[in-house]
Amino acid sequence: MTEILVQDVVAGAIADRPVVEHPAWSVLKRSVEEIRPWQSKDGSIDFDAEGAPTRAAVEAVVERIVDAVEELSPLLPHDAAYHRALVADLRKWADGAFDVPDFLDSLLAFHPAADRADGLQRLVVFPMYTQNGNPDRNLEAVVLRMVWPEWLADLEATRYDNPLFCGIAFEDFTAGYDTNSAVLFPETIAVREAPERFTWGGIFCDREAARFRRVTEAAVDLLGVQLPEDIAEMVGDQERCEKAFVLWDMIHDRTHSHGDLPFDPFMIKQRQPFWMYGLEELRCDLTAFKEAVKLEAEGNQHGRDVQYAVLFDRMFRFPVSGDRVRNYDGLGGQLLFAYLHKHDVVRWTDNQLHIDWEQAPAVTNQLCAEIEKLYRDGIDRPKLVHWFAAYDLVSTYLAPHPGSRWAKGPDALDLSQPPRKLVDDVLADEFPLSMFYEALAKKLKDVIASTKGITAASAERAAA
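Every value quoted in this text rests on a predicted model; they were computed, and no experiment measured them.

J.: How do you make sense of empty space enclosed by the protein when you look at a structure like this?
T.: Any empty space left between the atoms is revealed when a probe the size of a water molecule rolls over them. Taken as a whole and judged by the stated rule, the model has two cavities of 30 Å³ or more. Along the walls of the largest cavity sit Phe110, Pro112, Arg122, Leu144, Met146, Cys166, Ile168, Leu184, Trp200, Gly201 and Gly202, which together make up its complete lining. Across the lining of the largest cavity, the residue classes tally to eight nonpolar, two polar and one charged. Estimates place the volume of the second largest cavity at around 40 Å³. Lining the second largest cavity we find Phe274, Arg324, Arg326, Asn327, Leu331, Gln334, Ala428, Asp429, Glu430 and Phe431. Across the lining of the second largest cavity, the residue classes break down as four nonpolar, two polar and four charged.

J.: Where do I start with helix H10 (residues 303-317) in this structure?
T.: Quick reminder: α-helices carry 3.6 residues per turn. Residues three or four places apart thus point the same way. Its 15 residues give H10 an end-to-end C-alpha distance of 21 Å, which sits within 8% of 21 Å, the value for a rise of 1.5 Å per residue. Counting buried residues in H10 gives 14 out of 15 residues, a clear majority hidden from the surface.

J.: Please explain the side chain of Arg213 as it appears in this structure.
T.: Residue position: Arg213 is located in helix H6 (residues 205-223). Buried within the structure, Arg213 lacks any salt-bridge partner; its nearest side chain of opposite charge belongs to Glu217, at an N-O separation of 4.3 Å. Polar side-chain contacts of Arg213 include one of 3.1 Å to the backbone oxygen of Gly236. Excluding anything up to four places from it in sequence, Arg213 contacts Val235, Gly236, Asp237, Gln238 and Cys241.

J.: Got a minute to help me understand the pairing of strand E7 (residues 352-355) in this structure?
T.: Two faces make up the sheet, and in a regular strand the side chains alternate between them. Along E7, the buried face is formed by Leu353 and Ile355; none of Gln352 and His354, which line the opposite face, is buried. Of the pairings in the sheet, the one linking strand E6 (residues 346-349) to E7 comprises four bridges and is antiparallel in character. Of the residues in E7, the one forming a bridge with Val346 is Ile355. Hairpin connection, E6 to E7: the antiparallel pair is bridged by two residues, and Asp350 has positive phi, about 55 degrees.

J.: For this particular structure, what's the right way to read the environment of Asp42?
T.: Positionally, Asp42 belongs in the loop between helix H1 (23-35) and helix H2 (55-72). Classification of Asp42 as partly exposed rests on a relative accessible area of 35%. The residues touching Asp42, leaving out its near neighbours within four places in the chain, are Val100, Pro101 and Arg137. Engagement of the side chain of Asp42 in a polar contact is seen with the side chain of Ser44, the distance being 2.6 Å.

J.: Help me understand the pairing of strand E1 (residues 121-128), please; the structure alone is not making it clear to me.
T.: Counting buried positions over the eight residues of E1 gives eight, a clear majority of the element. Residues Gln121, Leu123, Val125 and Pro127 of E1 are buried on one face, and the alternating residues Arg122, Val124, Phe126 and Met128, pointing to the opposite face, are buried as well. When E1 meets strand E2 (residues 138-146), the two strands line up antiparallel, connected through eight bridges. Looking across to E2, one finds that Arg122 is bridged to Leu144.

J.: Sorry, what's going on with the packing of helix H11 (residues 328-342) against helix H13 (residues 383-397) here?
T.: For any two helices packed against each other, one specifies the inter-axial angle together with the distance between the axes. Running from N to C, H11 and H13 point in directions that differ by 55 degrees, and their axes come no closer than 8 Å. By the angle between their axes, H11 is oblique relative to H13. Like other packed secondary-structure pairs, H11 and H13 cross with a definite hand, here left-handed. Contact residues: H11 offers Leu331, Leu335, Ala338, Tyr339 and Lys342, while H13 offers Leu393, Val394, Thr396 and Tyr397.

J.: Help me understand the pattern of salt bridges, please; the structure alone is not making it clear to me.
T.: Charged atoms that come close allow side chains of opposite charge to pair. Under the definition given, this model contains 33 salt bridges. Its salt-bridge partner being Asp105, residue Lys92 comes within 3.8 Å of it at the nearest N-O pair. Placement of Lys92 in helix H3 (residues 80-95) and of Asp105 in helix H4 (residues 104-109) is noted, with a sequence separation of 13 residues between them. Asp105 gets classed as partly exposed once you look at its relative accessible area, which sits at 36%. In this structure, Arg159 and Glu298 form a salt bridge, with 2.6 Å as the shortest nitrogen-oxygen distance. Taken together, the residues span a long stretch of sequence, with Arg159 in the loop between helix H5 (150-158) and strand E3 (165-173) and Glu298 in the loop between helix H9 (274-297) and H10 at a distance of 139 residues. For Arg159, a relative accessible area of 31% translates into the label partly exposed. Looking at Glu298, the relative accessible area reads 52%, which means it is exposed. Sharing partners across several salt bridges, the network here consists of Asp89, Lys92, Asp102, Asp105 and Arg192.

Rules used throughout
- Residues numbered from 1 in each chain as written.
- Predicted model: local features only at pLDDT ≥ 70, side-chain atom pairs only at ≥ 80, totals over all residues.
- Heavy atoms only, no water.
- 1 Å grid on protein atoms, 1.4 Å probe; cavity = no way out; pocket = protein on both sides within 12 Å on 5 of 7 lines; lining within 4 Å.
- Points joined across faces, edges and corners; volume = space filled by probe spheres on them.
- Nonpolar A, V, L, I, M, F, W, Y, C, P; charged D, E, K, R; others polar.
- Helix = DSSP H or I, 4+ residues; strand = E, 2+ residues; numbered from the N terminus.
- Expected span 1.5 Å × (residues − 1).
- Buried < 20%, exposed > 50% of the residue type's maximum accessible area, 1.4 Å probe, protein only.
- Lys, Arg positive; Asp, Glu negative; His and termini not counted.
- Salt bridge = Lys/Arg side-chain N within 4 Å of Asp/Glu carboxyl O.
- Polar contact = N/O pair within 3.5 Å; in protein donor to acceptor, adjacent residues only side chain to side chain.
- Contact = heavy atoms within 4.5 Å.
- Pairing = 2+ DSSP bridges.
- Axes fitted to C-alpha atoms, helices over the stretch in contact; angles between N-to-C directions.
- Parallel < 35°, antiparallel > 145°, perpendicular 65-115°, else oblique.
- Left-handed = near helix turned anticlockwise from the far one by under 90°.

Geometry only, nothing functional implied.
In structure tokens:
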């Protein structure tokens, strides 16, 4: 292994030399990309497939990856145990003739939440799918840095306990992240069995901020929104937006396990109509909004920024991003806009979107309260009754598809079936876009598409 002279990582200091500037990173990245076209959807390599490489050829590439990891690891002594386990898992995969990969041992050795020092670099290599990105379990490599400023650490320690949350930012990545994915989650990694519990979850606040800025700037210009001066400054400031997003994400993430909830707060193991997922994600965002209002009142400089990050991302980007098949985040954005519109906080008049900035916080918190009441009352309801109550809440503000059986009420459904079977009667686009959003989607589609794979650095290059 090549000896590399770096300062020891002590008390949260970071390696002097950026990992992505080391020649071994380029070797590692190219080698991971070389393996990608050989892998099947489950991450295995079929040597009998047409055009498949020889096993010896793949083994040679994996050895290059191993050498690169071992060369880079001294730059990152805080992750030495993980890198040793990673090398072992790579070689185990090779020894198993590149069958379905199993990187459980290295996953269990990776503990980024145990050391969230601001600016700390990490080299991560796993076979995984990237949420909202690549659906296949390809080998991926990413270099990231932790985003954990002192003010955020203080809030987590004293107010918003979330010991598993990792704020992170990209340094560089392989093709699975040249997508719309902005998360690094352990449940996406190929393993022989799921661990008893996951110990971390990371969200790339730099990508979220860069995407938010580009879409918001375009939407504000298109809709003629007159922004308050300080919010216009925030939208133009990448670093400030990153701080807003990492705080929003931390509060959102913890909200999934707080409040009046089902036993499986993330709904991972439940088959439910997609508006239930939409309401859960919106509840978590609106809880972050509500807390941001409190923080602003207490003089926290980031509280106001979080409020407008939530409002603009939810209203301008979410409804017109992705396809219309069970788009639960899009549904949440539509619901927020419709609620604000029906309460005269937003008005579309003379081809200009007017926003009542003074009323926005109170009315947004009012929607949060309605969803919280839905959850609280749901504890005493059977599942199907709760689903219909949630449908009633959504359809109060959003028009269902005219062909919907759910919109016609219980008499239109075969209630002899278990609730999970009735999910089949939900239309792929149960709550279609309004005419306002249909027009907005057409005008913003190129801007939305341009945010694929965006980072702070790529956004700056595009602006230049």
